[in-house]
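Structural overview for review
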Amino acid sequence: MIGIYNKIINIIDQLKNFLGNTPMNAKQLSDLITYAFSVSDVGIIPAAFDRVNVGSITRSRGEGIRAMFVLGANEGMLPQKVADGGILTNKDKDILNTKGVGFRDTYEYLRSRDMLSIYTVMTRPGEKLYVSRFKKESDVSDTEYYSSQLFEQIKKMFSLESEPFSMLDGITSVESAFDALALYHIKNEKDEFEEIYDSIYSFFRENPEYSRFADNADTAFGFTNDAVIRDTDTFAGVIDSTRALSITRLETYAACPFRYFVNYVLRPRKKAENKVNSLDTGTILHEIIQLYTDMILEGKVEPSTIEKEEIDSVIAILTDKVISGKKYEMLNCSDYVKNKIRLSASRAALVITIQFRNSDFLMEEAEAEFNFNKKMVPVCVDIPGEGQIFLQGKIDRIDSCEIDGKKYARIIDYKTSGKEFDITNVFYGLSLQLPVYINAYNENNADAKTAGIFYLRIDPNFRGINKKNELEEALSNAVNDEFKQNGLMLRDIKVKHALDHTSDSSSRSRYIKAEETDEEGFELLIKKTNENIASLYSRLRHADISINPSRVDNQREACGICDFKDICKFSEDFGANCYKDIRKLENRNIKEVFA
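Residues numbered from 1 in each chain as written. Predicted model: local features only at pLDDT ≥ 70, side-chain atom pairs only at ≥ 80, totals over all residues. Heavy atoms only, no water.

Once that is clear, we can look at the overall build of the chain. Scanning the chain from N- to C-terminus turns up 21 helices and 13 strands. Classification of the 595 residues of the chain by burial places 39% in the buried group. The long-range share in the chain, meaning contacts at least 24 apart out of those at least 6 apart in sequence, stands at 72%. Summed over its atoms, the accessible surface of the chain is roughly 35,200 Å², and 51% of this surface lies on carbon and sulfur atoms. (Helix = DSSP H or I, 4+ residues; strand = E, 2+ residues; numbered from the N terminus. Buried < 20%, exposed > 50% of the residue type's maximum accessible area, 1.4 Å probe, protein only. Contact = heavy atoms within 4.5 Å. Areas by Shrake-Rupley, 256 points an atom, 1.4 Å probe, with all protein chains shown as cover.)

Structure (structure tokens):
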């Protein structure tokens, strides 16, 4: 009791210091004191043996325990999942420990400590020990409620079987009965439990006191989560107000119409967070590489002669230049992040340098924009019965080379992810960028021919390139699909050799991983892309904002990279929600697929 008394006195002292002479009535004072007591905890030593104590595994103490109930023996809960967060990973700590640093909070230590606590607590009861887990059937989502390995080990140790679960076990109140009603409906189990379902619903419907539950059930079960524009004419007017679109917007619409609507029409503002995410670092890395390629274009860097040490020095200067700007000023206090970006940029610059060194193509332009205000005009696409739209954008890099008196162009788009050129994505309109880029270049350069269109990853994970003056070692390490230009190139032996001197007649190449086609194949690719663009824009203009994300071969789904899942509430349990399933094309022949 002394502990409780001291706690009360402490709360009153804090209120006095905080409020001072602030005037208030009796109710205001009562509410304030009640709230202060409600958020305060008091630890009490048990005054008697015949009582129930509740606590966590790590804080449960006491002797003479007759029976113990351990709840939540689920995966990730017992024992708790050890987080691998912070600047140093568990692997980093293990390496440092071998050097004598002495980190204690490693994965092995924390897991061993938790297991010791669990063992200590579970061996205390003298008569009975009950261990339980959440049943998967008790919630709509199954993913969080698998039993833990510890639970299964205990079952195996004592040759026990889990008790069978009955749907009636969880019905102990009106609220839990309503939850069961919803569960049966969502999991489509009405047929199996028809009698129970009907009984619960009839109980709610026939009792005026609980009829609201039946009304709520009717409303909820009729909900389809359909996204509909009521005033389609006004929406079409909004879309028509600007016929100049970016490729990214159309790719977003192709991935999921509703995601486009939220991102570009509703435009919710994200909560500002004082942290650096992968998108920020990717943008910074992209800016650094663009500055480096600008130096190549301006003749300040010569790929054929520059050494690795010089590349590192140039990138260090460019990294400081980008990060010192006001846009990324918060990074100035993080040497770890800055060094990580600098290292990634140095490796990417080395890749670009080596690839230029092994190619006859020279950079023609960097960050080449095509829109109404630039040298390159936008791409015009006819929309049957609805006029025209204009696509505008920016090409990261254009290289060109003259072969047998003809000019050939190579389009490069930098990526900070492992995106690959995929015929399936291009065919179904999920990937429009490279075809539109080469179309834009061709429209503005009628005499040029297409040599290839490529993605180039600029955050490759090089290993072992830390020795001075060893570009040959770097060259050897670069022979990996992760670092290659990935895309589509012309089936012409001279062009292939000009693109990469290491290529041979069997299509093997050290720095390029690409499908091949002829000039007609590129024309068919552009034609199909324009058809996809026309179809997407027509659907958008007619107010199709359905919650139907695309999914390729039941794996790559648009939801995985979407920031608006909490807004759309997509679920296949709702009648209007379903995936737009796409089967991956097995045929890799561009002309046969796109004809």
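The discussion continues.
What follows deals with the environment of Y119. Its location among the elements puts Y119 in helix α4 (residues 107–122). A C-alpha to C-alpha distance of 9.6 Å links Y119 and I57, two positions 62 residues apart in sequence.

Between helix α13 (residues 308–323) and helix α14 (residues 335–357), the least distance of the axes is 9 Å, while the angle of their chain directions is 130°. Classified by the interaxial angle, the pair formed by α13 and α14 is oblique. Note on packing geometry: the crossing formed by α13 with α14 is right-handed. For the pair α13 and α14, the contacting residues are K308, I311, D312, I315, A316, T319, D320 and I323 in the first and K338, I341, R342, A345, S346, A349, L350 and T353 in the second. Considering only residue class, the contact of α13 with α14 consists of eight nonpolar, three polar and five charged. (Axes fitted to C-alpha atoms, helices over the stretch in contact; angles between N-to-C directions. Parallel < 35°, antiparallel > 145°, perpendicular 65-115°, else oblique. Left-handed = near helix turned anticlockwise from the far one by under 90°. Nonpolar A, V, L, I, M, F, W, Y, C, P; charged D, E, K, R; others polar.)

Below, the discussion takes up the nonpolar core. Formed by 111 residues in total, the largest nonpolar core has its most connected members in Y292, F370, L391, I453 and F594. Top element by residues in this core is α14. It accounts for 10 residues. For Y292, the residues in contact, after removing those within four places along its chain, are V301, I306, I311, V314, I315, L318, A349 and T353. Grouped together as the second largest cluster of nonpolar side chains are 12 residues, A177, I200, F204 and A217 included. (Core = buried A, V, L, I, M, F, W, Y, C linked by side-chain atoms within 4.5 Å.)

All right, on to unusual backbone geometry then. With omega at -5°, the peptide bond leading from L78 into P79 counts as cis. Positionally, P79 belongs in the loop between β1 (67–70) and α3 (90–98). At D404, a position not held by glycine, the phi torsion is positive, near 55°. In this structure, D404 sits in the loop between β6 (387–403) and β7 (406–415).

β7 sits mainly inside the fold: eight of its 10 residues count as buried. Two elements, β6 and β7, share seven bridges in a ladder whose sense is antiparallel. Note that in β7 the partner of S400 across the bridge is A409. Counted along the chain from β6 to the antiparallel partner β7, the turn is two residues long, and its residue D404 has a positive phi close to 55°. Where β7 lies against strand β8 (residues 449–457), eight bridges are found, and the strand directions are parallel. Bridging across to β8, Y408 finds its partner in K449. (Pairing = 2+ DSSP bridges.)

For the rest of this paragraph, the subject is the pattern of salt bridges. The final tally for this structure, using the stated rule, is 28 salt bridges. Here E519 and K449 are joined by a salt bridge, their closest N and O atoms 3.5 Å apart. Highlighted residues: E519 in helix α19 (residues 519–541) and K449 in strand β8, separated in sequence by 70 residues. By relative accessible area, E519 is classed as partly exposed at 40%. Connected via shared salt-bridge partners are D240, R243, E386 and R541. (Salt bridge = Lys/Arg side-chain N within 4 Å of Asp/Glu carboxyl O.)

A grouping of Y5, I8, I9, I12 and F37 is seen on the molecular surface, where their side chains present a nonpolar patch of about 450 Å² in accessible area. With four residues, helix α1 (residues 2–19) is the single largest residue contributor to the nonpolar patch. Looking at I12, the relative accessible area reads 43%, which means it is partly exposed. (Patch = residues over 30% accessible without salt bridge, like charges linked within 9 Å, V, L, I, M, F, W, Y side chains within 5 Å.)

Moving on to the packing of helix α16 (residues 433–444) against α19. Contact geometry for α16 and α19: axes closest at 9 Å, N-to-C directions at 110°. With respect to their mutual orientation, α16 and α19 come out roughly perpendicular. Of the two possible hands of crossing, α16 and α19 adopt the one that is left-handed. Together, P435, V436, I438, N439 and N442 of α16 and L525, I526, T529, N530 and I533 of α19 make up the contact between the two elements. Across the contact of α16 with α19, the residue classes tally to six nonpolar, four polar and no charged.

All chains considered together, the criterion is met by 17 aromatic pairs. The interplanar angle of 50° and the centroid separation of 5.1 Å between the aromatic rings of Y260 and Y264 together place this pair among those described as tilted. In this pair, Y260 and Y264 both sit in helix α11 (residues 257–266), four residues apart, roughly one turn of the helix. For Y260, a relative accessible area of 5% puts it in the buried group. (Phe/Tyr/Trp six-rings, centres within 6.5 Å; stacked < 30°, edge-to-face > 60°.)

Taken as a whole, this structure holds zero disulfides when the rule is applied. In this structure C562 is a free cysteine whose sulfur lies 6.1 Å from that of C568, the closest cysteine sulfur available. (Disulfide = S-S within 2.5 Å.)

On to the side chain of N532. Topologically, N532 is positioned in helix α19. Its relative accessible area of 11% is what places N532 among the buried residues. A polar contact is formed between the side chain of N532 and the backbone oxygen of V426, at a distance of 3.2 Å. Filtering out sequence-adjacent residues up to four positions away, N532 remains in contact with V426, F427, Y428, G429 and L432. (Polar contact = N/O pair within 3.5 Å; in protein donor to acceptor, adjacent residues only side chain to side chain.)

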